[in-house]
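Single-letter residue listing:
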Amino acid sequence: MKMNELKLIYFSPTGTTHKVVMETARSIDLKSVSFDLTIKKDLKPVAKFAPNDFALFAIPVYYGNGTPAALVATYGCREYEDALLELKTEVEKRGFKVIGAAAFPAEHSIVNSIGARRPNKADLKEASEYGISLNRIREWKKKHCRKKNKPKGRPMQKTEKSE
């Protein structure tokens, strides 16, 4: 299946998640559209997804219809605990197919001295490499995975065995 465009869906109150998701997206060979969930609710664009889009979700961590998706979590140099697992659960409940997940350190959103100046160049290099990996996965799936054919018309009828 040929991918249409990369949809970036992220929440980044301090800007660090935005930096990481943009660096990751730069390494994916698709035109991207951003949906910044940080902006005021009445100004948010409505995100619509097609089966041939590729979604990249990114969130910071505070407390620990078949569209392929990848996940990014940023954390304040402490721990990210179950954030990616929880995000995966929520994203998949809404019909996405998660093909990758990564967590990146960022400056702490409350105590700025923790993780100061993170993500740094090395962190962003990791984000870029994550994007390259996602691109390889997409390309492999495009070459090797065929869309499953669903039967059309009425369902198969049960037949009685002859004795």
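I will try to describe carefully the structure that is included in this document. These numbers come from a predicted model, not from an experiment.

**Considering the nonpolar core**
Leu6, Leu8, Phe54, Leu56, Tyr130 and Leu134 are the most contacted members of the largest nonpolar core, which has 22 residues in total. Breaking this core down by element, the ones donating at least two residues are strand 1 (6-10), helix 1 (16-26), strand 3 (54-60), strand 4 (67-75), strand 5 (96-105) and helix 3 (121-144). Non-local contacts of Leu8, meaning those with residues more than four positions away in its chain, are made with Val21, Met22, Ala25, Ser32, Val33, Ser34, Phe35 and Leu56. One finds Ala69, Leu71, Ala73 and Val91 within the second-largest nonpolar core, a separate group that totals twelve residues.

**Observations concerning the side chain of Asp53**
With respect to the helices and strands, the residue Asp53 is situated in the loop between strand 2 (32-36) and strand 3. Taking the relative accessible area as the measure of exposure, Asp53 reaches 2% and is therefore buried. Within polar-contact distance, the side chain of Asp53 engages the side chain of Lys7 at 2.9 Å. What Asp53 contacts, discounting residues up to four positions off in sequence, is Met3, Asn4, Glu5, Lys7, Lys48, Thr67 and Pro68.

**Side note on a nonpolar patch on the surface**
On the surface, Ile110, Val111 and Ile114 cluster together into a nonpolar patch covering about 270 Å² of accessible area. Counting through the fold element by element, Ile114 comes out in the loop between strand 5 and helix 3. On the basis of relative accessibility, which here comes to 35%, the residue Ile114 falls in the partly exposed class.

**Quick word on the packing of helix 1 against helix 3**
The N-to-C vectors of helix 1 and helix 3 enclose an angle of 45 degrees; their axes lie 7 Å apart at closest approach. With respect to their mutual orientation, helix 1 and helix 3 come out oblique. Considering only the axes of helix 1 and helix 3, their crossing is right-handed. Between helix 1 and helix 3, the residues in contact are Lys19, Val20, Glu23 and Thr24 and Leu124, Ala127, Ser128, Tyr130, Gly131 and Leu134, respectively. Grouping the constituent residues of the contact of helix 1 with helix 3 by class yields five nonpolar, three polar and two charged.

**Quick word on the pairing of strand 3**
For strand 3, the tally of buried residues reaches six of seven residues, placing the bulk of the element in the interior. Relative to strand 3, strand 1 runs parallel, the two sharing five bridges. Note on strand 3: the bridge partner recorded for Leu6 is Phe54. Sheet topology places strand 3 next to strand 4; six bridges connect them, and they run parallel. Pairing of Ile59 across the sheet is with Ala73, part of strand 4.

Rules used in this analysis
- Residues numbered from 1 in each chain as written.
- Predicted model: local features only at pLDDT ≥ 70, side-chain atom pairs only at ≥ 80, totals over all residues.
- Heavy atoms only, no water.
- Core = buried A, V, L, I, M, F, W, Y, C linked by side-chain atoms within 4.5 Å.
- Buried < 20%, exposed > 50% of the residue type's maximum accessible area, 1.4 Å probe, protein only.
- Helix = DSSP H or I, 4+ residues; strand = E, 2+ residues; numbered from the N terminus.
- Contact = heavy atoms within 4.5 Å.
- Polar contact = N/O pair within 3.5 Å; in protein donor to acceptor, adjacent residues only side chain to side chain.
- Patch = residues over 30% accessible without salt bridge, like charges linked within 9 Å, V, L, I, M, F, W, Y side chains within 5 Å.
- Areas by Shrake-Rupley, 256 points an atom, 1.4 Å probe, with all protein chains shown as cover.
- Salt bridge = Lys/Arg side-chain N within 4 Å of Asp/Glu carboxyl O.
- Axes fitted to C-alpha atoms, helices over the stretch in contact; angles between N-to-C directions.
- Parallel < 35°, antiparallel > 145°, perpendicular 65-115°, else oblique.
- Left-handed = near helix turned anticlockwise from the far one by under 90°.
- Nonpolar A, V, L, I, M, F, W, Y, C, P; charged D, E, K, R; others polar.
- Pairing = 2+ DSSP bridges.

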